[in-house]
Amino acid sequence: MNETQLKAFKRQVREEIESLRGTLAGLAENTGPVEPDVAIGRLSRLDTMLNQGINEGAIARGRIRIRKLEAALQRVDDDGEFGICLECGMPIPLARLLAIPECIVCVDCAV
């Protein structure tokens, strides 16, 4: 990966991290406690609680993804072997790194 590609890669990963943080903030707003309200029915309250569970799962997955993306940025800066498959030692194709920035193995080794 040349210097221009590396800068573009880092910019893309940083933008994805910021986008995820914004999404997670929006989801977090919808996960507060469900107040027992007479105005909404029991089924509506159950539906709200189900949606909260879904949002909480999405938040957990988003936080994990952010940590993986941050680790990828760290490897770019710290590791002279960024973009090299940890299994076989061959270069990971740029297209794969752009699609899955946190990947640490090539397609062949991922299977």
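Source: prediction; values computed, not measured.

Definitions and cut-offs
Residues numbered from 1 in each chain as written. Predicted model: local features only at pLDDT ≥ 70, side-chain atom pairs only at ≥ 80, totals over all residues. Heavy atoms only, no water. Helix = DSSP H or I, 4+ residues; strand = E, 2+ residues; numbered from the N terminus. Contact = heavy atoms within 4.5 Å. Areas by Shrake-Rupley, 256 points an atom, 1.4 Å probe, with all protein chains shown as cover. Salt bridge = Lys/Arg side-chain N within 4 Å of Asp/Glu carboxyl O. Buried < 20%, exposed > 50% of the residue type's maximum accessible area, 1.4 Å probe, protein only. Polar contact = N/O pair within 3.5 Å; in protein donor to acceptor, adjacent residues only side chain to side chain. Phe/Tyr/Trp six-rings, centres within 6.5 Å; stacked < 30°, edge-to-face > 60°.

## A short note on the overall build of the chain
Scanning the chain from N- to C-terminus turns up 4 helices and 0 strands. What you see in the chain, going N to C, is helices and strands ordered as α-α-α-α. Within the chain, contacts between residues separated by at least 24 positions form 56% of all contacts whose residues are at least 6 apart in sequence. Total accessible area computed for the chain in this model is approximately 7500 Å², and 55% of it derives from carbon and sulfur atoms.

## Focus on the pattern of salt bridges
What the rule picks out here adds up to 5 salt bridges. The salt bridge partner of Asp77 is Lys10, with a shortest N-O separation of 2.9 Å. Taken together, the residues Asp77 in helix 2 (residues 42–78) and Lys10 in helix 1 (residues 3–29) connect sequence positions 67 residues apart. Of the residues examined, Lys10 reaches a relative accessible area of 18% and is grouped as buried. Salt-bridge contacts for Glu102 lead to Arg65; the nearest nitrogen and oxygen are separated by 2.3 Å. With Glu102 in the loop between helix 3 (94–99) and helix 4 (107–110) and Arg65 in helix 2, this pair connects stretches of sequence that are 37 residues apart. One network of salt bridges, with partners in common, ties together Glu16, Arg65 and Glu102.

## Description of the side chain of Asn55
Tracing the chain through its elements places Asn55 in helix 2. Overall, the relative accessible area of 15% leaves Asn55 in the buried class. With sequence-adjacent residues up to four places away left out, Asn55 is seen in contact with Leu27, Asn30 and Thr31.

## Section: the environment of Gly89
By the secondary structure assignment, Gly89 is in the loop between helix 2 and helix 3. Sequence separation between Gly89 and Cys106 is 17 residues; the distance between their C-alpha atoms is 9.0 Å.

## Looking at the side chain of Glu102
Note on Glu102: relative accessible area 18%, which makes it buried. For Glu102, the side chain forms a polar contact with the side chain of Arg65, separated by 2.3 Å. Dropping the residues within four chain positions of it, Glu102 is found in contact with Arg65, Lys68, Leu69, Ala72 and Arg75.

## Points about the packing of aromatic side chains
Tallied over the entire structure, the rule returns 1 aromatic pair. Plain terms: the ring middles of Phe9 and Phe82 are 5.2 Å apart, the flat faces sit at 50° to each other, and that makes the pair tilted. You can see Phe9 sitting in helix 1 and its partner Phe82 sitting in the loop between helix 2 and helix 3, a full 73 residues away along the chain. Side by side, Phe9 and Phe82 carry an identical accessibility label, which is buried.

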